[in-house]
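Chain and residue survey
Listed here are the chains, written in short residue letters.
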Amino acid sequence: MGEAHTIFVRRSSGLVREVYPKDSFIYNVYFTAYFTALVFLYLVALYVVPAEALVPGLILSTVLFSFQVLVYALMSTAMPRSGGDYVIISRALHPLLGFLSSWNWFVWLAFWFAFGGYTFSCVALSTMMLTLGLVTNNPSLVSLGEELANPIPSLIVGTLVMIAFLLMTSFGLRKFLKIQLATFVIGVIGVFIGLVYLAFCDPSTYASTLNRLMETYTGTSDTYNAVIEAAKNLGWGPEKVYGYTFEHLMKVLPAAYLAVPWTMGTVFIAGEVAQVKKTQILGGLGGLAFIGGLTVVIAFLLQKAMGIEFFSAFSYLFYNPPENLKIPIQPYFNTLAFLIIENPFLNLWANLGFIFLGWMYMAQNLMNDSRLLFAWSFDRLIPEKFSEVSERFKSPIYALLTVFIIAEVFLFAIIFVPELQVISSIMALSFSVIIMSLAAIFFPYLKKDLFERSGVNWKVAGVPLITILGVLSLIVNLIANYYWITDPNYGAVNDISVAAMLIVIVSGILIYLIGIYRLKKKGIEVSKIYTQLPPI
């Protein structure tokens, strides 16, 4: 114990285990940035595969994503410490890979925390005002919705929202979990309202409603068919709707990666998870079942309510905007769904559901990044100040504040350097998942003693289950990467995204080397840190 004290910052982390299966389930659902990402999932998928392939492709993708979710759940059960990829991979595979994977997560979680602040104004609030204005015939609300999409309102609203999440997460995990539960209940009711309206709507009714609401803005009494005709004139046709092969189903998977497979947020706070094995497995798989299932149901109901051809055609226009048809809305699934909710109160509640299930992820990003800083600091890789935990709130306040400051810089950059808005981090995050999959494959062989004591030392025909899951997760990720690289329609590969990925990797290597130099200068033997788990 004395040696551990000299290696690590202190004998105890100072964090408290207070996350249970219910909390883990909601935390993991929120971590996916679900509705924020779902907006683009449908758009991308409908652009690369026929619309008929969307629902079965999403079902297949959800099943395949279970390998990734289980890898994270089992690895964090074997090493239940806060710090996510860093603690796990540094002990199971190699410290450099552990730091690189976690640094990759850190940068992109901070970026998407900022992106959430930006889109809270230009997507969440803007959409709410637009749909409320349209269904209540209130041009002022429509104008407000359009104004909220501009840079200065986005900066002001984004900063205020980010401050709100900083305060929300600073007063301790226990208090946050209560807020998380309340918002989830409100959000699910809002989602249910939207689903009911879609379930009882048909294409004829939808077209009639859309035409009535849009006539003032589009200048035509038949906006519904005008959208389809505009798409046809720009190259859209039946092949974008009907007929599909197994490869089309597989090509839904890279699009589904935007929202579905990320139900492993509690891996980053594993040192604060109670009943670890039960909580991580149920929270991960339960979250995946909820997210995957809801994604399938929404897709099915949208196609049923609007008509599969209209859904496909309008989505096509997102990438090929027509010059002769001016329409005040984007083909975001929430906007299309909420137009038929003409009761203002129910429309507002449905919008709140969209916001809670779409933007509460900002809290998870903030907390998870702070735990990465905490873990690096606890191993003395970065200054010890970042591992300080408030006695009163049991939260790493300095780490949380640091993430906020970094994200605020990102927010300015996103708003005033428009090129950054097309950055895709999906391949970058897959890079971390690939490293974790490799860690799962080799963990039972490189760390035999730890594996046997882990509580997840299950075997199938003599082969460790975690190794099998690691191989399957690796294969699924490589398939997704193949499509991202070979098909530009996914938008995953562009010059700025590739440059950003390389900058993150190179900077991660440099920071790690500086950290190792600091350790050696203090006389700490690096190998001793990574041959044992940090204290609880």
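Residues numbered from 1 in each chain as written. Predicted model: local features only at pLDDT ≥ 70, side-chain atom pairs only at ≥ 80, totals over all residues. Heavy atoms only, no water.

**Here's the deal with the overall build of the protein chain**
Cut-off, in case you're wondering: We count a stretch as a helix when DSSP gives it H or I for four or more residues in a row; a strand needs E for two or more, and each element gets its number in order from the N terminus. C-alpha atoms define the radius of gyration, and 2.2 Å times the number of residues to the power 0.38 defines the globule rule. The contact definition used throughout considers only heavy atoms, calling two residues in contact when any of these lie within 4.5 Å. Note on areas: these come from Shrake-Rupley sampling with a 1.4 Å probe, and a residue is covered only by the protein chains present in the view. Only four residue types enter the tally: Lys and Arg on the positive side, Asp and Glu on the negative side; His and the chain ends are excluded. By convention, the point assigned to a charge is CZ for Arg, NZ for Lys, CD for Glu and CG for Asp.
What the protein chain contains, in helices and strands, is 23 helices and 2 strands. Computed over its C-alpha atoms, the radius of gyration of the protein chain comes to 24 Å, within 12% of the 24 Å expected for a compact globule of 536 residues. Across its three principal axes, the protein chain shows a C-alpha extent of roughly 80 × 50 × 40 Å. Sequence separation of 24 or more characterises 84% of the internal contacts of the protein chain that already satisfy a separation of 6 or more. Within the structure as shown, the protein chain displays about 19,900 Å² of accessible surface, and the carbon and sulfur contribution to it stands at 68%. Taking the average place of the 31 positive charges on the side chains of the protein chain and the average place of its 29 negative ones, the gap between the two points comes to 17 Å.

**A closer look at a nonpolar patch on the surface**
Worth spelling out the cut-off: Patch criteria: residues need more than 30% relative accessible area and no salt bridge. Like-charged residues are merged within 9 Å; nonpolar side chains of Val, Leu, Ile, Met, Phe, Trp and Tyr are merged within 5 Å. Salt bridge, as applied in this entry: a Lys or Arg side-chain nitrogen positioned within 4 Å of an Asp or Glu carboxyl oxygen. Any residue under 20% of the maximum accessible area for its type is buried, any over 50% is exposed, and the rest in between are partly exposed; the area is computed with a 1.4 Å probe on protein chains only.
A cluster of nonpolar residues, Ile 152, Ile 156, Leu 160, Ile 163, Leu 167, Phe 171, Phe 412, Phe 416 and Val 417, forms a patch on the protein surface that exposes about 810 Å² of accessible area. Listing elements by their share of the nonpolar patch, those giving two or more residues are α8 (151-170) and α18 (397-416). Among the elements that make up the nonpolar patch, the one with the highest residue count is α8 (5 residues). Assessed through its relative accessible area of 48%, Ile 156 is described here as partly exposed.

**Structural notes on unusual backbone geometry**
In this structure, Arg 380 is a non-glycine residue whose phi angle is positive, near 70°. As for its position among the elements, Arg 380 is in the loop between α17 (361-378) and α18. Residue Ala 461 is not a glycine yet carries a positive backbone phi of 55°. Its relative accessible area of 80% is what places Ala 461 among the exposed residues.

**Thoughts on the packing of aromatic side chains**
We apply this condition: Planes of paired rings set the category: under 30 degrees apart is stacked, over 60 is edge-to-face and the rest tilted, where pairs are Phe, Tyr or Trp rings (Trp by its six-membered ring) whose centres lie within 6.5 Å. In this scheme, Lys NZ or Arg CZ marks a charge over a ring once it lies within 6 Å of the ring centre and within 35 degrees of the ring normal.
Under the defined criterion, the tally for this structure stands at 46 aromatic pairs. A centroid spacing of 6.1 Å and a plane angle of 35° characterise the contact between Phe 99 and Tyr 512, whose relative ring orientation is tilted. Within this pair, whereas Phe 99 is found in helix α6 (residues 95-135), its partner Tyr 512 is found in helix α22 (residues 495-521), the two being separated by 413 residues in sequence. Judged by its relative accessible area of 8%, Tyr 512 is buried. Through a chain of ring-to-ring contacts, three or more aromatic side chains come together here, namely Tyr 34, Phe 35, Tyr 42, Phe 120, Phe 311, Phe 333, Phe 338, Phe 354 and Trp 359. The ring of Tyr 47 carries the charged tip of Lys 240 above its face, separated from the ring centre by 4.9 Å.

**Description of the packing of helix α3 (residues 34-48) against helix α12 (residues 246-256)**
What counts is decided by this rule: Helix axes use the C-alpha atoms of the stretch in contact, all axes being lines fitted to C-alpha atoms, and the angles between their N-to-C directions lie in the range 0 to 180 degrees. For classification purposes, angles smaller than 35 degrees are called roughly parallel, those larger than 145 roughly antiparallel, those between 65 and 115 roughly perpendicular, and all remaining angles oblique. By convention, the crossing between two helices is left-handed when the near helix turns anticlockwise from the far helix through less than a right angle, and right-handed when the turn is clockwise. When residues are sorted by character, Ala, Val, Leu, Ile, Met, Phe, Trp, Tyr, Cys and Pro go into the nonpolar class, Asp, Glu, Lys and Arg into the charged class, and all the rest, Gly among them, into the polar class.
The geometry of α3 relative to α12 is characterised by a closest axis approach of 9 Å and an angle of 150° between their N-to-C directions. Between α3 and α12, the crossing angle belongs to the class labelled roughly antiparallel. In this structure, α3 meets α12 at a crossing whose hand is right-handed. Residues Leu 41, Val 44, Ala 45 and Val 48 of α3 form the contact with α12, whose participating residues are Lys 251, Ala 255 and Ala 256. Per-class residue counts for the contact of α3 with α12 are 6 nonpolar, no polar and 1 charged.

**Focus on helix α5 (residues 85-92)**
Of all 8 residues in α5, 8 are buried, a share of seventy percent or more. Listed as buried for α5 are Asp 85, Tyr 86, Val 87, Ile 88, Ile 89, Ser 90, Arg 91 and Ala 92. Elements that come into contact with the buried residues of α5 comprise α4 (54-78), α6, α17, α19 (426-446) and α23 (526-529).

**So, the packing of α6 against helix α7 (residues 139-147)**
Where α6 meets α7, the closest approach of the two axes is 7 Å, and the angle between their N-to-C directions is 160°. The orientation of α6 relative to α7 falls into the category roughly antiparallel. Here the hand of the crossing between α6 and α7 comes out left-handed. Only Leu 141, Val 142, Leu 144, Gly 145 and Glu 146 of α7 make contact with α6, whose side of the interface consists of Ser 126, Met 129, Leu 130, Leu 132, Gly 133 and Leu 134.

**Comments concerning the nonpolar core**
Under the convention used in this document: We define a nonpolar core as any set of buried Ala, Val, Leu, Ile, Met, Phe, Trp, Tyr and Cys residues linked to one another through side-chain atoms lying within 4.5 Å.
Core analysis: the largest hydrophobic core is formed by 207 residues, its most contacted members being Phe 35, Tyr 42, Met 75, Trp 105, Tyr 206, Ile 298 and Trp 376. Of all the elements, α6 adds the most residues to this core, at 22 residues. If sequence neighbours within four positions are ignored, Trp 105 has contacts with Phe 31, Tyr 72, Asp 85, Trp 262, Met 264, Phe 268, Asp 369, Leu 372, Leu 429 and Ser 432.

**Re α22**
Convention followed: To estimate the expected span of a helix, count its residues, drop one, and scale the result by 1.5 Å.
Look at α22: 39 Å from first C-alpha to last across 27 residues, which is about the 39 Å you get at 1.5 Å a residue. Burial in α22 covers these residues: Ser 497, Ala 500, Met 501, Val 504, Gly 508, Tyr 512, Gly 515, Ile 516 and Leu 519. Those residues of α22 that are buried lie in contact with α6, α19 and α23. A positive backbone phi angle near 80° is found at Gly 523, which sits one or two residues after α22.

**Here we look at the side chain of Ser 315**
Examined against the element boundaries, Ser 315 turns out to sit in helix α14 (residues 308-319). Sequence-distant contacts of Ser 315, defined by excluding residues within four places in its chain, comprise Leu 43, Leu 46 and Pro 331.

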